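Per-entry structural report
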Amino acid sequence: MGKHRSNKIPSRIMLFMFLAAFLALATGACSSSSDTTVAPTTATPDTTVAPTTAAPDTTVAPDTTVAPTTAAPDWGAADFNGDGVVRIGVATDGPRDDGAYYQALVESVEEISAAAGYEAPIIVDQIDPANSGTELENLAAQGVDVIAIGSSSLADGNQDLFTKYDNIFWYCNCGSGFQDTPGLLRSADSGAEINISSGYATGLLLQERGKDKTVFLGCCDLNFEVESLLAMEFGLSLVDESFTVTYVPTGNFPFDFNNTAGATEAYSSAVAEGAAAVYPFLGGAHEPIVQLANEDGLIVMTAGSSKGCERDDLNYDIEVMFDAGDYLETIFSEILTGDATEGGVRMFTVGIDPQVGAAFCNATPEQVQALADFNARIGAGEFSDKIYEILSEAYGF
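Residues numbered from 1 in each chain as written. Predicted model: local features only at pLDDT ≥ 70, side-chain atom pairs only at ≥ 80, totals over all residues. Heavy atoms only, no water.

A few words on the overall build of the protein chain. Assigned secondary structure in the protein chain consists of twelve helices and 16 strands. Within the protein chain, buried positions represent 50% of all 397 residues. Intrachain contacts of the protein chain at a sequence separation of at least 6 include 68% that bridge at least 24 residues. (Helix = DSSP H or I, 4+ residues; strand = E, 2+ residues; numbered from the N terminus. Buried < 20%, exposed > 50% of the residue type's maximum accessible area, 1.4 Å probe, protein only. Contact = heavy atoms within 4.5 Å.)

Here you go:
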């Protein structure tokens, strides 16, 4: 069978087209005239004498010369603080170059800023959640128009800042567990939907190889990790009920997804026990595990990034997409059009929104079609009862 990469709509192209058009309009509006003299105008004749037309009585001479003007660029809806420039700030608890979730957000902001001619963004990474209030206030004081917060761990407890600094558009990829908050636009997805999809995709590749074991490397048994694990387990079972996935914590509580030593040890133990696929549900420790999986020939997938298939230095089999950069691109275009408003949520749904769910990097056409059909079933709500069951177990309600 020939191998085939699944088709996904590149959201960056749509956004950059929008921004290019936006800037073209701004440029036209800001063009200045220089010492322009008003051209003479000819008065309309009062009467017409048949069969000839009378010449106009007078010619109006120009009475004024327009002085040259220099207008500031019109930055439009993104200039929330009205200072004439646009600058985006980013706050993340993980490293900006983790090769996964956090890097996707940072790179998206950098690309948006460069394409639109905005000021260089201010990136503050590796923020300790215990100090997040101070770091967010410091960022707010630097003249930013938009602040993108990488996770709920930094937003939680700082809800007062979103209304205190109301000349900033606050956005957080806070997930479905975070409540609607005045002054904050949040994006959310369903970890259960996404990882039912990832489990099904992994199952199809395990089936092809005649293997049956997957290892899920996470942090420390957090609720959303349990949700993702249970969902992946269910997705695997829909391919073959004998397929298993084992969760192994690798970091310290809470939110330590960057412990490379712990992840490496957990990976080695899993491989020794026969794991044929690895889901490195990690931040800073993600890429080192992918490198090991490549060396050992294991099935491996991204943990959020939609750009794994494009990598030249790492080989991915599956993209498990909940890319913070893709979310921001979509949301930023909606900010500019006025469709995005603070205080609510922008939900991304598997099978409906192309930014979420699993996609193959290199699979047969039959596998690609099977996964596309399965994702559509998720989007249609076919597994809603199972998802509720997963959430109940993960969050204890």
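Considering all chains together, one arrives at 14 salt bridges under this definition. Note that E137 and K164 form a salt bridge whose closest N and O atoms lie 3.2 Å from each other. Here K164 lies in helix α5 (residues 159-164) and E137 lies in helix α3 (residues 132-140), a separation of 27 residues in the sequence. Close ionic contact of D317 with R209 constitutes a salt bridge, the shortest N to O distance being 3.9 Å. Placement of D317 in the loop between β13 (299-300) and β14 (318-322) and of R209 in helix α6 (residues 191-209) is noted, with a sequence separation of 108 residues between them. What makes D317 buried here is its relative accessible area of 16%. On the basis of relative accessibility, which here comes to 39%, the residue R209 falls in the partly exposed class. Each of E287, R311 and D313 takes part in one network of salt bridges that share partners. (Salt bridge = Lys/Arg side-chain N within 4 Å of Asp/Glu carboxyl O.)

Relative to strand β11 (residues 244-249), strand β10 (residues 213-218) is paired through six bridges, and the arrangement is parallel. Within β11, the residue paired with F216 across the bridge is Y247. The handedness of the β10 to β11 crossover, carried by helix α7 (residues 223-237), is right-handed. (Pairing = 2+ DSSP bridges. Right-handed = clockwise from strand over helix to strand, strands pointing away.)

Before going further, it helps to examine the nonpolar core. With 90 residues, the main nonpolar core has Y118, V278, Y279, I318, F332 and F360 as its most contacted residues. If one sorts the elements of this core by residue count, α6 sits on top with eight residues. (Core = buried A, V, L, I, M, F, W, Y, C linked by side-chain atoms within 4.5 Å.)

Turning to the sheet that holds strand β12 (residues 277-280), a few remarks are in order. Pairing is parallel in the open sheet, where four strands are placed in the order β11-β10-β12-β13. The strands lining the two open edges of the sheet, one partner per strand, are β11 and β13. Against the sheet, helix α9 (residues 286-296) touches β10, β12 and β13, its axis set at about 170° to β12. (Axes fitted to C-alpha atoms, helices over the stretch in contact; angles between N-to-C directions.)

Averaged over all residues, the pLDDT of the protein chain is 83; the fraction at 70 or higher stands at 81%. A low-confidence stretch, residues 1-75 (pLDDT under 50), is modelled with 92 contacts involving residues beyond four sequence positions or located in other chains. (pLDDT = per-residue confidence, 0-100.)

Burial analysis of β14 places five of its five residues in the buried class, the great majority of the element. Neither face of β14 is exposed, since I318, V320 and F322 on one face and E319 and M321 on the opposite face are all buried. Across five bridges, β14 lies against strand β16 (residues 356-360) in antiparallel orientation. Residue V320 lies in a different strand from β16, and its bridge partner there is A358.

The next thing to look at is a nonpolar patch on the surface. A surface patch of nonpolar side chains, about 510 Å² in accessible area, is lined by F224, F255, Y388, Y395 and F397. Checked against the element boundaries, F224 lands in helix α7. Judged by its relative accessible area of 31%, F224 is partly exposed. (Patch = residues over 30% accessible without salt bridge, like charges linked within 9 Å, V, L, I, M, F, W, Y side chains within 5 Å. Areas by Shrake-Rupley, 256 points an atom, 1.4 Å probe, with all protein chains shown as cover.)

Attention now moves to helix α10 (residues 324-337). Taking 1.5 Å per residue as the helical rise, α10 with its 14 residues ought to reach 20 Å, and the 20 Å between its terminal C-alpha atoms agrees with that figure. The buried count for α10 comes to 13 of 14 residues, which makes it a mostly enclosed element. By the N-cap criterion, in which a side-chain oxygen at the helix start approaches the backbone nitrogen of a residue two or three places on, α10 is capped by D323, the distance to G325 being 2.7 Å. One or two residues past the end of α10 sits G338, with phi positive at roughly 85°. (Expected span 1.5 Å × (residues − 1). Polar contact = N/O pair within 3.5 Å; in protein donor to acceptor, adjacent residues only side chain to side chain.)

Under the criterion given, the structure shown has three disulfides. For C172, the disulfide goes to C174, at an S-S distance of 1.9 Å. A torsion of 100° about the S-S bond marks the disulfide between C172 and C174 as right-handed. For the pair formed by C172 and C174, the shared burial category is buried. The disulfide partner of C219 is C220, and the gap between their sulfur atoms is 2.3 Å. Its S-S torsion of about 70° marks the bond between C219 and C220 as right-handed, since a negative value means left-handed. (Disulfide = S-S within 2.5 Å.)

Counted under the stated rule, the structure contains 16 aromatic pairs. Centroid distance Y279 to F281: 5.5 Å. Interplanar angle 75°. Geometry classified as edge-to-face. Given a relative accessible area of 9%, F281 falls into the buried group. What links up through ring pairs into an aromatic cluster is the set F216, F224, Y247, F257, Y279, F281 and F322. Taking NZ or CZ as reference, R346 lies 4.4 Å from the ring centre of F348, over its face. (Phe/Tyr/Trp six-rings, centres within 6.5 Å; stacked < 30°, edge-to-face > 60°. Lys NZ or Arg CZ within 6 Å of the ring centre and 35° of its normal.)

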